[in-house]
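# Observations on the model geometry
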Amino acid sequence: MDPILEQYYALENKVLAYNPNLDKAKLFDAFKYADSAHSSQQRKDGSPYITHPLAVASIVADLELDQDSIIAAMLHDTIEDTGATHEEVAQRFGTTVADLVEGVTKLTRVQFNTREEKQMENLRKMLLAMSKDIRVVLVKICDRLHNMRTMQYQSPEKQIIKCRETMDVYAPLAHRLGMQKIKWELEDTSLRYLAPKEYTEITNYLQKHHEKDEAFMQSIQFKITDRLNAMGIQNTTYGRIKHVYSIYRKMLAQDKTIDQIYDLFAIRIIVNSVKDCYAALGVIHEMYKPIPGRFKDYIAMPKANMYQSIHTTVIGNSGHPFEVQI
Ligand code: MN
């Protein structure tokens, strides 16, 4: 099959998996419309432009957003880059889709020419306010993520500008909207261009220690699961290695090299109730010695984005600290 059609059907299947009521004819029509609108354009890597909206729509589908968001993602660059108009898009795909596409276009046109934190905060607020429909911001963040994934084809100047903008505007927005995984990828990819030496140093280190780290994390994960189960606290417990940018920040803040940073891991424990959170905390502190000053109760004091959990850092039996999020 034609690789672009293949990419299209992969998207359709991804959406159908969580939305069996998808209007397949309408999605295909959006694909055809975008394909012909962008037919004279190419991506910087030489591939047909349509591969970009297809990829963005696929990231939007990873978030399991509704049909209008998927179609808007497919059309998100048509008003900006081609002869398409709001009226035409509205006639063919409905007003909601046209409004979403126009909203994304407006965000694309905003210039970020400040690096001052206070002004950045105002900008982020403005972006949220400009988008009466939150789906506009979600699609825009997915657009930026795909542009970050293909950043190697941009000029060095453009790489720096785009990566700073991503760090200053899009990663904090993704964070505020609770899109943790996307936030991590935005930050890590930006770091790759903003601090290439440090980025390589950290990723090489993580690769080299991968097996040992995985084994360490698994053994802790098993011990915690066992103990919580024995105490009658139902739980899902898993470990993860922190993302590159958060390790980089630690190295900077503590003025340390990577082998002096020990808490590279976080264990996440999900339980059924607030009461169980505090009970699990008691179990953890009984199993492992907590490090003073590292305990945070975001259940009693939620973060600005409504995030609620308990964080503590404890010392494992091997003497290595690790973070626990309950
Ligand atoms: Mn785009």
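Computed from a predicted structure; not experimentally measured.

Counting its secondary structure elements, the protein contains 15 helices and 6 strands. Referenced to the eigenvectors of the C-alpha coordinate spread, the extents of the protein come out at roughly 65 × 45 × 45 Å. The burial tally for the protein puts 50% of its 326 residues in the buried class. Entry remark: accessible area of the protein is about 16600 Å², with carbon and sulfur atoms responsible for 51%. Across the protein, the centroid of the 41 positively charged side chains sits 6 Å from that of the 42 negatively charged ones.

Moving on, we come to helix α14 (residues 244-254). Those residues of α14 that fall on the buried side of the exposure criterion are Val244, Tyr245, Ser246, Ile247, Tyr248, Lys250 and Met251. Buried-residue contacts for α14 involve α10 (156-176), α11 (180-194) and α12 (196-208). Remark: Asp255 follows α14 within two positions and exhibits a positive phi of approximately 50°.

Moving on to helix α9 (residues 134-149). Helix length check: α9, at 16 residues, gives a terminal C-alpha distance of 23 Å against a target of 22 Å (1.5 Å per residue), a fit within 8%. Among the 16 residues of α9, 13 are classified as buried, and the element is accordingly described as predominantly covered.

What follows concerns the side chain of Thr237. With respect to the helices and strands, Thr237 occurs in strand β1 (residues 235-241). Residue class for Thr237 comes out buried when judged on its relative accessible area of 9%. Reaching out from Thr237, the side chain makes a polar contact with the side chain of Asn235 at a distance of 2.7 Å. Not counting residues up to four positions away in its chain, the partners in contact with Thr237 are Gln221, Ile224, Thr225, Leu228, Ile267, Arg268 and Ile269.

Further remarks concern the nonpolar core. Counting residues in each nonpolar core, the largest one holds 58 residues, and the members touching the most others are Leu11, Met74, Leu75, Ile141 and Leu186. If sequence neighbours within four positions are ignored, Ile141 has contacts with Tyr170, Leu173, Ala174, Leu177, Met179, Ile182 and Leu186. Counting residues in hydrophobic clusters, the runner-up holds 23 residues, among them Phe216, Ile269, Met287 and Ile299.

Donor atoms from the polypeptide that coordinate the manganese ion comprise His52 (NE2), His76 (NE2), Asp77 (OD) and Asp143 (OD), at 2.2 to 2.3 Å from the metal. Sequence spacing among the residues donating to the manganese ion works out to H-x23-H-D-x65-D. Taken as a pair, Asp77 in the loop between α4 (67-75) and α5 (78-81) and Asp143 in helix α9 lie far apart in primary sequence, 66 residues in all. Neither Asp77 nor Asp143 differs from the other in exposure class; each is buried.

Structurally, the position occupied by Lys250 is in helix α14. For Lys250, the contacting residues outside a window of four places in its chain are Lys242, Asp255, Ile261, Asp263 and Arg294.

Our next topic: the pairing of strand β6 (residues 321-325). If a strand is regular, its side chains alternate between the two faces of the sheet. Here β6 lies mainly inside the structure; 5 of its 5 residues are buried. Residues Pro321, Glu323 and Gln325 of β6 are buried on one face, and the alternating residues Phe322 and Val324, pointing to the opposite face, are buried as well. Summarising the sheet, strand β5 (residues 310-315) and β6 pair through 5 bridges and their orientation is antiparallel. Each residue of the ladder has a partner; that of Val314, found in β6, is Phe322.

This brings us to unusual backbone geometry. In the Ramachandran plot, Glu64 falls in the positive-phi region, its phi being about 55° despite a non-glycine side chain. In this fold, Glu64 is placed in the loop between α3 (51-62) and α4. Residue classification places Glu64 among the exposed positions, given a relative accessible area of 52%. In this structure, Asp255 takes a positive phi of about 50° despite not being glycine.

With that out of the way, let us pick up the packing of aromatic side chains. Taken as a whole and assessed by the stated rule, the structure comprises 10 aromatic pairs. Ring centres of Tyr8 and Phe28 lie 5.2 Å apart, and the angle between their planes is 75°; on these two criteria the pair is classed as edge-to-face. Taken together, the residues Tyr8 in helix α1 (residues 3-18) and Phe28 in helix α2 (residues 24-37) connect sequence positions 20 residues apart. The class for Tyr8 is buried, based on a relative accessible area of 0%. Under the relative-accessibility criterion, Phe28 is labelled partly exposed at 29%. Taking the centre distance of 5.2 Å and the plane angle of 80° together, the rings of Tyr288 and Phe322 count as edge-to-face. Separated by 34 residues along the polypeptide, Tyr288 in the loop between α15 (274-287) and β3 (289-290) and Phe322 in strand β6 bring together distant segments of the chain. Clustering of aromatic rings is evident, with ring pairs tying together Tyr8, Tyr9, Phe28 and Phe31. Its guanidinium or amino end placed over the ring of Tyr49, Arg43 lies 5.8 Å from that ring's centre, counting from NZ or CZ.

Rules and cut-offs
Residues numbered from 1 in each chain as written. Predicted model: local features only at pLDDT ≥ 70, side-chain atom pairs only at ≥ 80, totals over all residues. Heavy atoms only, no water. Helix = DSSP H or I, 4+ residues; strand = E, 2+ residues; numbered from the N terminus. Buried < 20%, exposed > 50% of the residue type's maximum accessible area, 1.4 Å probe, protein only. Areas by Shrake-Rupley, 256 points an atom, 1.4 Å probe, with all protein chains shown as cover. Lys, Arg positive; Asp, Glu negative; His and termini not counted. Charge placed at Lys NZ, Arg CZ, Asp CG, Glu CD. Contact = heavy atoms within 4.5 Å. Expected span 1.5 Å × (residues − 1). Polar contact = N/O pair within 3.5 Å; in protein donor to acceptor, adjacent residues only side chain to side chain. Core = buried A, V, L, I, M, F, W, Y, C linked by side-chain atoms within 4.5 Å. Donors = N, O, S within 2.8 Å, 3.2 Å for Na, K, Ca; no water. Pairing = 2+ DSSP bridges. Phe/Tyr/Trp six-rings, centres within 6.5 Å; stacked < 30°, edge-to-face > 60°. Lys NZ or Arg CZ within 6 Å of the ring centre and 35° of its normal.

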